[in-house]
Amino acid sequence: MRTLKLVAVSAGLSSPSSTRLLADRLLQAARYRLAEQEYAVEVEVIELRDLAVDIAKNFVTGFPSEALRTAIDTVTGADGVITVTPVFTASYSGLFKSFFDLIDPAALTGVPVLIAATGGTARHSLVLDHALRPLFAYLRAAVAPTAVYAASEDWGSGGDEYTEGLPARITRAGVEFAELVAARPDRADEDDEVVPFEKQLADLRFD
Amino acid sequence: MQFGIFTVGDVTTDPTTGRTPTEHERIKDTVAIALKAEEVGLDVFATGEHHNPPFVPSSPTTLLGHIAARTENLILSTSTTLITTNDPVKIAEDYATLQHLADGRVDLMMGRGNTGPVYPWFGQDIRQGIPLAIEHYSLLHKLWREDVVDWEGKFRSALQGFTSTPRPLDGVPPFVWHGSIRSPEIAEQAAYYGDGFFANHIFWPKQHTEKMVRLYRQRYAHYGHGTPEQAIVGLGGQVFIRKNSQDAVREFRPYFDNAPVYGHGPSLEEFSRETPLTVGSPQEIIERTLSFRDYVGDYQRQLFLLDHAGLPTKTVLEQLDILGEEVIPVLRKEFESLRPAGVPTTAPLHPAVQRKSGTQQPVTQQPVTQKQEA
């Protein structure tokens, strides 16, 4: 049986963090759905706050520390990625963006991604569609249709006549994401891929 | 094993004195450093190529020609020559001339360059970096090996009945290395031609170097040039040496902390752990350098970066003394004793160099047999 690897990236800065809490809840929802379909699932959470200094250093030196390299490899090697950021100044946090800036632009091509964010008020919820969705569209990830935004008030209330409550949104997002993950074929080992030299030369010849 | 130094040619302010050398001083000092390299028994001096401040080496053949006139044994190389933005015809002519003047003591290292604006300054498109490297080198390779060339390509005007002059010394072109940090296309290119592969190594974790060298070795064998172990590999590295470790660290730290390439990021200790940078006693340099062999296999050329980060020339010359007296002789012996039979000791040498040294060397470059491609 195929084992699926799910990774959540949380850019929450405090401890405990509602961003981390949302990441955990989403992981759980996706995992539950995949377990129903009898997949074995491995999950891992990457807290960017632990890597903040390493991320900054990578920009200066051009290469990641061992801990950061491991984190990047974990994300790029996952079958599905859940990303959660707090909203800072009308967008994702700089730490969140910086982490994804260090990932090879082709490394997440076709990878199912579930986007989510947390914030103080519900009025920031479009950050999912004007900031996170374009970022992952650029990376050519397969972004799940439902994205989850959790404002502070959502943690203590149900839905209203227009919107489902947070638990229902988490479940729906988790299910959609799980379906994408399960539908994706096994990722081939892309290491050491060589374009034979004759082909490189031939590509330059006039037709 | 060949040992040498490679310079980037940066003009950097000495953080301990606040003094910045002039371009004139830096160029003259580069020559002094090269002469010292020969004096202390190193095999190779190599210079980078840059076309923007704060770097001075924009004209490697002028510099190397001058050094050639003042040295006897030093192999002169570039590190690297911009195969993307230089005209391959001019490279063929410039380096063939240099090769005659230096009696065969010339190598070339090809690179794509990492300064974006250089491409448009020389009328090229950076998005075509790899295709330019491939097409330009294939033309250069032909110009040195065929007396009369007909050629047509994408990036340069076509040639009909063109003869690049002078012809390479004794019909043997300079030995070529392809330098790359992480483009597998370049490792593949080096392997295809049976040329050398140089892994920059400095500023990068060993995983990159290990992976690229492994790929090059496999493909070298695939193209029938020999076994993977026989492929010609060169590595970079950077060191700062004093008799005892603490003095080395104390003296180098202000340079490290302020250098454009290192400064204001990880500590000296972190950087030393992640990259080949070694700051310490001769014994520490010896052990670290020998450890490179653990992940790239037996290799043929080790170049050190010494004159950078604003270090005064006097200090660089002292570094060369220590390197020549205490480090290289031990490394030569150790590497040689570990090298399995059948693996080349050095990169191929021009027959003129071979004749002159008179020593038994396993690898000589072969003259090109003239033939026209159909």
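Residues numbered from 1 in each chain as written. Chains lettered and ligands numbered in written order. Predicted model: local features only at pLDDT ≥ 70, side-chain atom pairs only at ≥ 80, totals over all residues. Heavy atoms only, no water.

**Some points on the packing of aromatic side chains**
Inspection of the entire model under this criterion finds 23 aromatic pairs over all chains. Ring centres 5.1 Å apart and planes at 80° place the aromatic pair Phe 100 of chain A and Phe 136 of chain A in the edge-to-face group. Here Phe 100 of chain A, found in helix α4 (residues 94-101), pairs with Phe 136 of chain A, found in helix α5 (residues 127-138); they are 36 residues apart in sequence, far enough to count as distant. Since its relative accessible area comes to 0%, Phe 136 of chain A is described here as buried. Relative to Tyr 193 of chain B, the ring of Tyr 137 of chain B has its centre 4.9 Å away and its plane inclined at 90°; by these criteria the two rings are edge-to-face. Here Tyr 137 of chain B, found in helix α5 (residues 129-145), pairs with Tyr 193 of chain B, found in helix α6 (residues 184-193); they are 56 residues apart in sequence, far enough to count as distant. Given the relative accessible area of 15%, Tyr 193 of chain B is considered buried. (Phe/Tyr/Trp six-rings, centres within 6.5 Å; stacked < 30°, edge-to-face > 60°. Helix = DSSP H or I, 4+ residues; strand = E, 2+ residues; numbered from the N terminus. Buried < 20%, exposed > 50% of the residue type's maximum accessible area, 1.4 Å probe, protein only.)

**Looking at the environment of Ala 347 of chain B**
Residues and elements named next belong to chain B. Its location among the elements puts Ala 347 in the loop between α11 (313-338) and α12 (351-357). Sequence separation of Ala 347 and Val 233 is 114 residues, and the distance between their C-alpha atoms is 8.0 Å. The residues touching Ala 347, leaving out its near neighbours within four places in the chain, are Gln 2, Phe 175, Trp 177, Ile 232, Gln 300 and Arg 301. (Contact = heavy atoms within 4.5 Å.)

**Considering the pattern of salt bridges**
All names here are of chain B. Summed over all chains, the structure comprises 34 salt bridges over all chains. Notably, a salt bridge pairs Asp 321 with Lys 36, separated by 3.2 Å at the nearest N-O pair. One end of the pair, Asp 321, is in helix α11; the other, Lys 36, is in helix α1 (residues 23-39), and 285 residues separate them in sequence. With relative accessibility at 25%, the residue Asp 321 sits in the partly exposed group. Between Asp 147 and Arg 167 there is a salt bridge, with its nearest N and O atoms 2.9 Å apart. Taken as a pair, Asp 147 in the loop between α5 and β6 (149-151) and Arg 167 in the loop between β7 (159-162) and β8 (175-180) lie far apart in primary sequence, 20 residues in all. Taking the relative accessible area as the measure of exposure, Asp 147 reaches 33% and is therefore partly exposed. By relative accessible area, Arg 167 is classed as partly exposed at 22%. The network of salt bridges with common partners includes Arg 242, Glu 251, Lys 314 and Glu 318. (Salt bridge = Lys/Arg side-chain N within 4 Å of Asp/Glu carboxyl O.)

**Digging into unusual backbone geometry**
Of note, the bond from Pro 53 of chain B into Pro 54 of chain B is cis; its omega dihedral lies within 30 degrees of zero at 5°. As for its placement among the helices and strands, Pro 54 of chain B is situated in the loop between β2 (44-47) and α2 (60-70). Between Ser 79 of chain B and Thr 80 of chain B the backbone carries a cis peptide bond, its omega angle lying at 25°. Position of Thr 80 of chain B among the secondary structure elements: in the loop between β3 (75-78) and β4 (81-82). You will see that Ala 90 of chain A, though not glycine, has its phi angle at about 70°, which is positive. Position of Ala 90 of chain A relative to the elements: it lies in the loop between β3 (80-88) and β4 (91-92). Owing to a relative accessible area of 48%, Ala 90 of chain A belongs among the partly exposed residues under this scheme.

**Focus on the packing of helix α10 (residues 282-296) of chain B against α11 of chain B**
Residue and element names in this part refer to chain B. Two elements in contact, α10 and α11, have axes separated by 10 Å at closest approach and are oriented at 35°. Here the hand of the crossing between α10 and α11 comes out right-handed. Contact residues: α10 offers Pro 282, Ile 285, Ile 286, Thr 289, Leu 290 and Arg 293, while α11 offers Ile 322, Glu 326, Val 327, Val 330, Leu 331, Glu 334, Phe 335 and Leu 338. When grouped by side-chain class, the residues that make up the contact of α10 with α11 number 10 nonpolar, 1 polar and 3 charged. (Axes fitted to C-alpha atoms, helices over the stretch in contact; angles between N-to-C directions. Left-handed = near helix turned anticlockwise from the far one by under 90°. Nonpolar A, V, L, I, M, F, W, Y, C, P; charged D, E, K, R; others polar.)

**Some words on α6 of chain B**
Buried residues dominate α6 of chain B, accounting for 7 of its 10 residues. Buried within α6 of chain B we find Ile 186, Ala 187, Glu 188, Gln 189, Ala 190, Ala 191 and Tyr 193 of chain B. The secondary structure elements touched by the buried residues of α6 of chain B are α7 (197-202) of chain A together with α5, β8, β9 (196-199) and α7 (206-222) of chain B. With its phi angle positive at about 70°, Gly 194 of chain B sits one or two positions after the end of α6 of chain B.

**Re the nonpolar core**
Ranked by size, the top nonpolar core spans 109 residues in total, and within it Phe 45, Tyr 216, Phe 252 and Leu 323 of chain B carry the most contacts. In contact with Tyr 216 of chain B, other than residues within four places in its own chain, are Ala 187, Ala 190, Ala 191, Asp 195, Gly 196, Phe 197, Ala 231, Ile 232 and Val 233 of chain B. If you look at the next biggest cluster of nonpolar residues, it comprises 38 residues, including Ile 115, Val 127, Leu 128 and Phe 136 of chain A. (Core = buried A, V, L, I, M, F, W, Y, C linked by side-chain atoms within 4.5 Å.)

**Overview of the interface of chain A and chain B**
Chain A puts 22 residues into the contact, and the matching count from chain B is 33 residues. Taken over both partners, the interface formed by chain A and chain B buries close to 2,200 Å², and the fraction arising from carbon and sulfur atoms is 63%. Where chain A touches chain B, the interface holds 2 salt bridges. Between Arg 69 of chain A and Glu 274 of chain B there is a salt bridge, with the nearest N and O atoms lying 3.9 Å from each other. (Buried area = accessible area lost by both parts, 1.4 Å probe.)

**Re the pairing of β2 of chain B**
Residues and elements named next belong to chain B. Burial of β2 is two-sided: the residues Val 44 and Ala 46 facing one way and the residues Phe 45 and Thr 47 facing the other way are all buried. Where strand β1 (residues 2-7) meets β2, 4 bridges bridge the pair, whose relative direction is parallel. Bridging across to β2, Thr 7 finds its partner in Thr 47. For the handedness criterion, the β-α-β arrangement of β1, α1 and β2 is classed as right-handed. Here β2 pairs with β3 via 4 bridges, running parallel. (Pairing = 2+ DSSP bridges. Right-handed = clockwise from strand over helix to strand, strands pointing away.)

**Topic: empty space enclosed by the protein**
A complete count under the given rule lists 4 cavities of 30 Å³ or more for this structure. The calculated volume of the largest cavity comes to roughly 70 Å³. Split into classes, the residues belonging to the lining of the largest cavity amount to 5 nonpolar, 1 polar and 3 charged. (1 Å grid on protein atoms, 1.4 Å probe; cavity = no way out; pocket = protein on both sides within 12 Å on 5 of 7 lines; lining within 4 Å. Points joined across faces, edges and corners; volume = space filled by probe spheres on them.)

**Quick notes on the packing of α1 of chain B against α11 of chain B**
Residues and elements named next belong to chain B. For the pair α1 and α11, the least separation of the axes is 10 Å and the interaxial angle reads 10°. By the angle between their directions, the pair α1 and α11 is classed as roughly parallel. Handedness of the α1/α11 crossing: right-handed. Across from Asp 29, Ala 32, Ile 33, Lys 36 and Ala 37 in α1, the residues of α11 making contact are Thr 313, Val 316, Leu 317, Leu 320 and Asp 321. For the contact of α1 with α11, a count of residues per class yields 6 nonpolar, 1 polar and 3 charged. (Parallel < 35°, antiparallel > 145°, perpendicular 65-115°, else oblique.)

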